[in-house]
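Summary of structural features
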Amino acid sequence: MRQSHQLPLVGLLLFSLIPRQQCEICKVSKENKTALKPLVHTMISSNYTKGIQAAKVLLSLRLGGFLNQNQDQHLIEQFILTVRSTEPSLTSGQLALAILALGACKGTDGISINYSELVKKLGNKYKAEIKNMEDHDGNPLTNYYQLSLDVLALCLFSGNYSVPKVAEIFKPGNKNYYFHKQFSVDTGAMAVLALTCVKRSITSGQNKIDTKDLDNIDNHIKLLIRKILSQKTENGLLGNIDSTGEAMQALFVSSNYYNKNQWVCQKTRDTVLKEISQGAFRMPTAAAQILPALMGKTYLNVNKDSSCVYGSDISHISTQKPISVTPAVSASQIKVNYSVVINNAKDRIVVSVANGSVFLKVMEQAQKENAALFSFTAEETSWGPYITTVRGIKANTTNRTYWELLSNGEPLSEGAGSYVVHAGDDLEVRWSTY
Ligand code: CBY
């Protein structure tokens, strides 16, 4: 073939190599960016810019380019100290998120981060997860959401992990993707991001492996995307409001795996924007999970060698107040029913709390009135308090047990620290297996 004839062909080939992803991302337009102000405010003004819980907030603010150089330097310096002092006690996923936040982009020259040391430690924590699975009927120390974060960080930061093992454990039929047989969209989305990173590193030749593993990983992504799309609601949310952001990221990076008519991204985005205008995402972690997708970013955009983008046009907003929709705790009292359920035994109490109280308040009141039956402990997480023990009985990931929260027989989609109770509610903490 003559060269002049080859040129259009080469052009066509190059065009077909441009990832379709570009056309599928439906980020918020420049004019609509002000709609994101409440989210950024929630994140910057909260205490969640401190401690290890800050990881997701930092990652999100840096990916979106919402910090100015001073804020970025200050928060990162603080965060490095936190990571250094807490590292041994961090779960694998917490350390993975910390690495993603620190290496989201290249910050000020003065700060040097020893990535290889952190990544090595993450490799060890990931190994311990796998070991626990081998010893305890396939149950990791934490969960698959965190294992996915581990693989994602190890993949992006050239850590050690076995591709065949990833292909084996991330099969979409694995029980760890499900809680009470219900597919966890959050977990599936994070797994798609991790598997996509692994797939890209194989195809770009960084990772020499058996093509069978590549085929398997490809198939896992396809099936996980199908499962995520099967959880699409009438108004376009994917799973629930808190899983939608990361599910959007998963769909952004895998547009070759579904048809245009299977997901109208604009519909999802517009529902999310409407929710923001009505005061949703008041928790910093919730805000952090939705923001990157609205900016057209994904966790695969993490790149420690590319310079941070500073001070986007709405970064000055940190002084503005977010819309306040938290129902004011008024002086009037309401009565609710509260029970602790263990197998078939139910202990019930009627407690009186201030109108506008959260579930945790009810638990505290019940404990005050009858500690023998209603004592409990909670641990602080990035989503607020997680109930760990009730009457001395402790939740345990190795045998998939936990204390489930319900209201009027329905499991809550918020934690004890944020669910606002109503007069007459039948509230329950139930000893459950997921
Ligand atoms: N993050 C994690 O390790 C958590 C991963 C996650 C999939 C998470 C949801 C999603 C996310 N984006 O962070 C998750 N939940 C898990 C894995 C779990 C299990 C925790 C134990 C384990 N294996 O590690 C478990 C036990 C199944 C679980 N979640 C329980 C609960 C209930 C907590 C009750 C309690 N004892 O306090 C609760 C309240 C459900 C219920 N009705 O009992 C619950 N989870 C909820 C509601 C949620 C959502 C929180 C939403 C909100 N606005 O508060 C959630 C975002 C999340 C946190 N769980 Co779980 C899911 C959702 O609705 N989209 C990594 C770490 C580094 O940050």
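In the nomenclature of an unreviewed UniProt entry, the protein chain is known as Transcobalamin-1-like of Odobenus rosmarus divergens. According to its UniProt record, the protein chain has this under Sequence similarities (unreviewed entry): "Belongs to the eukaryotic cobalamin transport proteins family." The protein chain has a UniProt comment under Subcellular location (unreviewed entry) that states "Secreted".

Within a regular strand, the side chains alternate between the two sheet faces. Pairing of strand β3 (residues 333-342) with strand β10 (residues 426-433) involves five bridges; the strand directions are parallel. Residue V340 lies in a different strand from β10, and its bridge partner there is V429. Across seven bridges, the pairing between strand β8 (residues 401-407) and β10 is antiparallel. Opposite E404, over in β10, you have R430 as the bridge partner.

Take the packing of aromatic side chains next. According to the stated counting rule, one finds twelve aromatic pairs in the structure shown. An angle of 70° between the planes, with centres 6.3 Å apart, marks the rings of Y258 and W263 as edge-to-face. On the basis of relative accessible area, Y258 is assigned to the buried category, the value being 4%. With a centroid separation of 6.3 Å and an interplanar angle of 80°, the aromatic rings of Y338 and F359 are classed as edge-to-face. Taken as a pair, Y338 in strand β3 and F359 in helix α15 (residues 359-369) lie far apart in primary sequence, 21 residues in all. Chaining the aromatic ring pairs together yields one cluster made of Y144, F170, Y177, Y178 and F183. Positioned over the ring face of F183 is K227, at 6.0 Å from the centre of the ring.

Every one of the 28 residues lining the ligand counts as a neighbour, but N143, N240, Q289, W403 and Y434 are closest to it. Here G415 contributes a backbone N or O atom positioned 3.4 Å from an oxygen atom of the ligand. Take the shell around the ligand: its biggest share by element is four residues, from β8.

Moving on to the environment of N337. Tracing the backbone shows N337 in strand β3. Measuring from C-alpha to C-alpha, the distance between N337 and L81 comes to 45 Å, with 256 residues separating the pair along the chain. Aside from chain neighbours lying at most four places away, what touches N337 is R348, I349, V350, G424, D425, D426 and L427.

Strand order across the open sheet formed by five strands is β4-β3-β10-β8-β9, with mixed pairing between neighbours. The open sheet has two edge strands with one neighbour each: β4 (345-354) and β9 (410-411).

Turning our eyes to something else, we now look at the state of the cysteines. Applying the stated criterion across every chain, the model contains three disulfides. The disulfide bridge from C26 ends at C265, spanning 1.8 Å between sulfur atoms. Between C26 and C265, the S-S torsion sits near -65°, and that sign places the bridge as left-handed. Placement of C26 in the loop between α2 (21-24) and α3 (37-45) and of C265 in helix α13 (residues 265-277) is noted, with a sequence separation of 239 residues between them. Taken as a pair, C26 and C265 share a single burial class, namely buried. Here C105 connects covalently by a disulfide to C308, the sulfurs 2.0 Å from one another. Of note, the bridge from C105 to C308 carries an S-S torsion of about 90° and is right-handed in sense. Residue C105 is located in the loop between α6 (92-102) and α7 (115-135), and its partner C308 is located in the loop between α14 (284-294) and β3; the two are separated by 203 residues in the primary sequence. For the pair C105 and C308, a shared accessibility class is recorded, and that class is buried. Taken in sequence order, the bonded cysteines of the protein chain link in the pattern 1-5, 2-6, 3-4.

What counts, and at which threshold
Residues numbered from 1 in each chain as written. Predicted model: local features only at pLDDT ≥ 70, side-chain atom pairs only at ≥ 80, totals over all residues. Heavy atoms only, no water. UniProt positions renumbered as here; feature names shortened; annotations may be inferred. Pairing = 2+ DSSP bridges. Helix = DSSP H or I, 4+ residues; strand = E, 2+ residues; numbered from the N terminus. Phe/Tyr/Trp six-rings, centres within 6.5 Å; stacked < 30°, edge-to-face > 60°. Buried < 20%, exposed > 50% of the residue type's maximum accessible area, 1.4 Å probe, protein only. Lys NZ or Arg CZ within 6 Å of the ring centre and 35° of its normal. Near = heavy atom within 4 Å. Polar contact = N/O pair within 3.5 Å; in protein donor to acceptor, adjacent residues only side chain to side chain. Contact = heavy atoms within 4.5 Å. Disulfide = S-S within 2.5 Å.

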